[in-house]
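Tertiary structure, described
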Amino acid sequence: DQVLNVSTPSVSVATATFGTVTVTTAAAAPASALQGGLVPMVTLRLNTKAGSTSRLKTLRVRKTGTALDSEITQVQLYLETDGDGVFSALGDNVQAANTLALNETTLALGGAGSPLGVLVSTFYVVFQMSGEAFTNRTVGVEVSSDTSVFLEHPGKAFGPFPVVQAPIPVSDGANLLN
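All of the points below concern the structure found in this document.

Here is what the cut-offs are and how they apply
Residues numbered from 1 in each chain as written. Predicted model: local features only at pLDDT ≥ 70, side-chain atom pairs only at ≥ 80, totals over all residues. Heavy atoms only, no water. Helix = DSSP H or I, 4+ residues; strand = E, 2+ residues; numbered from the N terminus. Polar contact = N/O pair within 3.5 Å; in protein donor to acceptor, adjacent residues only side chain to side chain. Pairing = 2+ DSSP bridges. Axes fitted to C-alpha atoms, helices over the stretch in contact; angles between N-to-C directions. Core = buried A, V, L, I, M, F, W, Y, C linked by side-chain atoms within 4.5 Å. Buried < 20%, exposed > 50% of the residue type's maximum accessible area, 1.4 Å probe, protein only.

1. Brief notes about the environment of T147
- Counting through the fold element by element, T147 comes out in the loop between strand 10 (138–143) and strand 11 (149–151).
- A distance of 2.7 Å separates the side chain of T147 from the side chain of S145, its partner in a polar contact.

Structure representation (structure tokens):
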């Protein structure tokens, strides 16, 4: 049979088993989000089961709270690289960045994505707050479901979804004298 049936998946695709990528979370948010500051909102730890690997390709996040999209100038995804287990804008590496539209954004990692293995890879979802953000507003974050964590096939995220960081108040940042 020389006919290519594109509507019929190959045996290897039809019988592929999904590799589990375990997602664990931790709160990273401070007591308040400073105007003009980088605010770590949530920590995501990803790892695969023994004998498998995957890659994080994209992460979809949703802003919660009363702050407007324009009050968060950028949402960034950092990879823990300095080994201290705490977010650091100087020591950790930005993997993706994007702006919000209608309270959501998709963070697309460059190239083939960030490799994941049996050793835990730690990521931080960080909001870059506008210096003009109103102090009577709040900001939080949510990773809604396993489909919000897009992995290289056949990876599938498994964890406590939705991942939610309750909204925190926006507070005054540093005041500059002119």
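2. Concerning the sheet that holds strand 5 (residues 72–79)
- The strand order 6-5-9-3-1-12 describes an open sheet built from 6 strands, whose pairing is mixed. The two strands at the open ends of the sheet, each matched to only one other strand, are strand 6 (93–98) and strand 12 (155–158). Looking at each pair of strands side by side, their axes are set apart by 25 degrees on average, direction ignored.
- Here strand 1 (residues 19–27) runs beside strand 12; their pairing, made up of 4 bridges, is parallel. Pairing of V21 across the sheet is with A157, part of strand 12.

3. Things to note about the nonpolar core
- With 35 residues, the main nonpolar core has L46, L56, L77, V125, F127, M129 and V139 as its most contacted residues.
- Those elements giving two or more residues to this core turn out to be strand 1, strand 3 (38–48), strand 4 (54–64), strand 5, strand 9 (121–129), strand 10, strand 11 and strand 13 (163–171).
- Take this core: its biggest share by element is 5 residues, from strand 3.

4. Some details on the pairing of strand 1
- Across 7 bridges, strand 1 lies against strand 3 in antiparallel orientation. Each bridged residue has a counterpart across the sheet, and for T22 the counterpart in strand 3 is N47.

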